[in-house]
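# Structural overview
Here is how the chains run, residue by residue.
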Amino acid sequence: MESATNGDAIGILEQLSYQNLLCPIGRLYMILMAKSDLKLVGRWSSPFVMRVKIALNIKSLDYENFHETLNPKSDLLLQSNPVYKKIPVLIHGDKPICESLIIVEYIDEVWSSAPSILPSDPYDRSIARFWAAYIDDKWFPTLKSIFLADEEESKKQYIKQLEEVVVRMEDAFLNISKGKDFFGGNRIGYLDIAFGCFLGWMRMIEKLIGLKLIGEAKCPALAKWAERFAADAAVEGLIPESDKLIELYNPLKLKSKALAK
Amino acid sequence: MADEVVLLDFWPSPFGMRVRIALAEKGIKYEYKDEDLRNKSPLLLQMNPVHKKIPVLIHNGKPICESLIAVQYIDEIWNDKAPLLPSDAYQRAHARFWADYVDKKLYDYGRKIWTTKGEEQEAAKKEFLDCLKVLEGELGDKLYFGGDNLGFVDVVLIPFYSWFSVYEALGNFSTEAESPKFIAWAKRCLEIESVAKSLPDQHKVHDFVMLMRKKFGLD
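In this convention, every chain numbers its residues from 1, walking through the sequence in written order. Chain labels run from A onward and ligand labels from 1 onward, assigned in the order the entries are written. In keeping with the predicted nature of the model, local features appear solely for residues at pLDDT of at least 70, side-chain atom pairs appear and are counted solely at 80 or more, and the whole-chain, interface and lining totals rest on all residues. Side-chain measures were taken over the full set of non-hydrogen atoms in the model, leaving aside hydrogen atoms and water.

## Re the domain arrangement of chain B
All names here are of chain B.
- For the domains described, the bounds stem from an automatic or database domain assignment. According to the domain assignment, chain B consists of domain 1 (5-77) and domain 2 (89-215).
- Distance from the C-alpha centre of domain 1 to the C-alpha centre of domain 2: 21 Å.
- In this complex, domain 1 contributes 16 residues to the contact, which on the side of domain 2 involves 26 residues.
- A simple way to read buried area is as the amount of 1.4 Å-probe accessible surface that goes missing from two parts once joined, with both sides added. Counting each side, the surface lost to burial between domain 1 and domain 2 is near 1800 Å², with a carbon and sulfur contribution of 72%.
- If you sort the residues of domain 1 by the area they bury against domain 2, Trp-11, Arg-18 and Ile-21 come out on top, with a joint share of 32%.
- One side-chain nitrogen of Lys or Arg within 4 Å of one carboxyl oxygen of Asp or Glu is enough to make a salt bridge. At the junction of domain 1 and domain 2, the tally comes to one salt bridge.
- Linking Arg-18 and Asp-103 is a salt bridge whose minimum nitrogen-to-oxygen distance equals 2.7 Å.
- By the criterion applied in these results, polar contacts are pairs of N or O atoms within 3.5 Å in which, for protein atoms, one can donate a hydrogen and the other can accept it, and in which residues neighboring in sequence qualify only through two side-chain atoms. Connecting domain 1 to domain 2 are six residue pairs in polar contact (both at pLDDT 80 or more).
- A run of H or I in DSSP becomes a helix once it reaches four residues, and a run of E becomes a strand once it reaches two; helices and strands are each numbered from the N terminus. Of all elements in the fold, only helix H1 (14-25) and helix H3 (67-77) reach the threshold of two or more residues within the side of domain 1 that touches domain 2.
- Element by element, the count of residues in the side of domain 1 that touches domain 2 is highest for H1, at nine residues.
- Under this grouping Gly is polar, as are all residues other than the nonpolar Ala, Val, Leu, Ile, Met, Phe, Trp, Tyr, Cys and Pro and the charged Asp, Glu, Lys and Arg. Residues belonging to the side of domain 1 that touches domain 2 are distributed by class as follows: eleven nonpolar, one polar and four charged. We call two residues in contact when some of their heavy atoms are within 4.5 Å.

## A word on helix H4 (residues 89-115) of chain B
Residue and element names in this part refer to chain B.
- Here a helix's expected span is defined as the number of its residues, less one, multiplied by 1.5 Å. The end-to-end C-alpha distance of H4, which contains 27 residues, comes to 39 Å, matching closely the 39 Å that a straight helix rising 1.5 Å per residue would cover.
- What we call the bend at a residue is the angle made by axes fitted to the seven residues finishing there and the seven residues starting there. Roughly 30° is the biggest bend found in H4, and it falls at Val-102.
- Measuring from the side-chain oxygen of the N-cap residue of H4 to the backbone nitrogen of Tyr-90 gives 3.1 Å; that N-cap residue is Asp-88.

## Some words on the layout of surface pockets
- Definitions used throughout: a 1 Å grid over protein atoms alone; a cavity as a set of points that fits a 1.4 Å probe which cannot get out; a pocket as an open set with protein on both sides within 12 Å along at least five of seven lines; a lining residue as one with an atom within 4 Å of a point. Grid points are joined across faces, edges and corners, and a volume is the space filled by probe spheres set on the points. Each pocket or cavity is described by its volume, and for the second largest pocket that value is around 860 Å³.
- Along the wall of the second largest pocket there are 37 residues; nearest its centre are Ile-127, Ala-128, Trp-131, Asn-175 and Ile-176 of chain A.
- Going through the elements one at a time, helix H6 (122-148), helix H7 (152-177) and helix H8 (190-196) of chain A together with helix H2 (42-47) and strand E4 (62-65) of chain B are the ones with two or more residues in the lining of the second largest pocket.
- Among the elements that line the lining of the second largest pocket, the one with the most residues is H6 of chain A, at seven residues.
- For the lining of the second largest pocket, a count of residues per class yields 20 nonpolar, ten polar and seven charged.

## Side note on the pattern of salt bridges
All names here are of chain B.
- Going through the model one piece at a time under the given rule, you end up with 26 salt bridges over all chains.
- For Lys-26, the salt bridge goes to Asp-75, with nearest N and O atoms at 2.7 Å. Remark: Asp-75 occurs in helix H3 and Lys-26 occurs in the loop between H1 and strand E2 (31-34); sequence separation between them is 49 residues.
- Categorising residues by exposure relies on relative accessible area from a 1.4 Å probe, with only protein chains included: less than 20% of the type maximum marks a residue as buried, more than 50% marks it as exposed, and the intermediate range marks it as partly exposed. Among the residues examined, Lys-26 registers a relative accessible area of 6% and is labelled buried.
- Asp-75 gets classed as buried once you look at its relative accessible area, which sits at 10%.
- Across the salt bridge formed by Lys-125 and Glu-122, the nearest N and O atoms sit 3.7 Å from each other. With Lys-125 and Glu-122 both in helix H5 (residues 118-139) and three residues apart, this pair spans about one turn of that helix.
- On the basis of relative accessible area, Lys-125 is assigned to the buried category, the value being 16%.

## So, the pairing of strand E4 (residues 95-98) of chain A
Residues and elements named next belong to chain A.
- In short, DSSP must find at least two bridges between two strands for them to pair. Across four bridges, the pairing between strand E3 (residues 89-92) and E4 is antiparallel. In the strand pairing of E4, His-92 is matched with Lys-95.
- Between E3 and E4, which pair antiparallel one after the other, the connecting turn spans two residues, and Gly-93 there sits at a positive phi close to 70°.

## Topic: the environment of Ser-87 of chain B
Residue and element names in this part refer to chain B.
- Note that Ser-87 resides in the loop between H3 and H4.
- Overall, Ser-87 belongs to the exposed group, its relative accessible area being 75%.
- Separated by 26 residues in sequence, Ser-87 and Gly-61 place their C-alpha atoms 29 Å apart.

## Observations concerning H1 of chain B
All names here are of chain B.
- Counted at 1.5 Å a residue, the expected span for H1 with its twelve residues is 16 Å, and the 16 Å between its end C-alpha atoms agrees.
- Listing the buried residues of H1 in full gives Pro-14, Phe-15, Gly-16, Met-17, Arg-18, Val-19, Arg-20, Ile-21, Ala-22, Leu-23 and Glu-25.
- Among the residues of H1, the N-terminal cap falls to Ser-13, whose side-chain oxygen and the backbone nitrogen of Phe-15 are separated by 3.1 Å.
- Gly-27, located one to two residues past H1, shows a positive phi value of around 70°.

If you want it as structure tokens, here you go:
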């Protein structure tokens, strides 16, 4: 049997099923070969990795999870993302795709049968991309700043900034969803994924600061959307628990402060 | 019904230039409106209330903001000629990645070269030149980032060339000496009509920036 590349997976499967119909090892090899066509380099705690996982779930795709420790960075990560050396990286066959939103679009385009992730109309697509960029530009950095802020005064300022962002997102949700459950309409889509991936971090930070960031009082529509998003089948099991995040990140926060001094 | 296309722009903006090139590549007639950024028009504030920035493409009354998004929109709507993004999904992801790289890295370092001094400026200059080398690596032996024709990454990147005389003068370096392959690519792009007519003269940009620096007390 010739050695297989991922591109030869189908050829190998055919050979195996012919030669090893009843062999358990052959069957296991088939499963491994099929799964290894998609590899996701990531970590349970990363919201950006979560975006890719949700997209893969929406398309019912099997993939191999490669848990990246980040410290030190694995050879696989350094080879597949030499420019940024960051997760997530989706490796399809032998081709790496980097940057979470770019990966989500790629998944939607390659596995183009329903359900769709991006809107079908080009103008709606441009709106979804605009707000996803806004989320990455304004929402996440401010959220992170709240978490990292040392002094109460700067924490308060960042919380105030985030509240302004949330008001905009509430407005955007009402305009884009047009009365439906999600930004994507009846099902979760690109913008739901781009925003919803941060719910775990957000809940962790809410716990630490004792304040609701997306709450019934200030953004009722988004608060309900968040519940629906978290309950969606494609998101199940992916939102990291606050306690586990606190356990992971607090020591890192102390370390980065120590290094900064 | 004829399409009504308006572009809210500011002549030295590399982001605006991207949209100009894309529209020209597709042969689209549009109304160009130059904004006074110290006195933004009601139309700009209405069409881009979130960022209040140019460029804004307005297609039949509907705004599309953010240059990378506008260029993709143009490519998707007017898909009958001059494709900017590749047809292959992986190549498309690849192009989007490099366009994003230009925005994340090149723009910021370039801006630091003309707005800072001393150590900060030196550091920015080094990063800027490193970026050009990375981009040269990505270009490889191709004529353009898009292959044999102008593509998404070319459109996203070439506008910064009109600012090179600024970076070189203030950063005190020669791009030709540091990254000759990059300059060769830029000159190839400038031979294309849609690019040539969308980029302002380097000297004009240079004079404008010097004026801005005086105004902000950077000189």
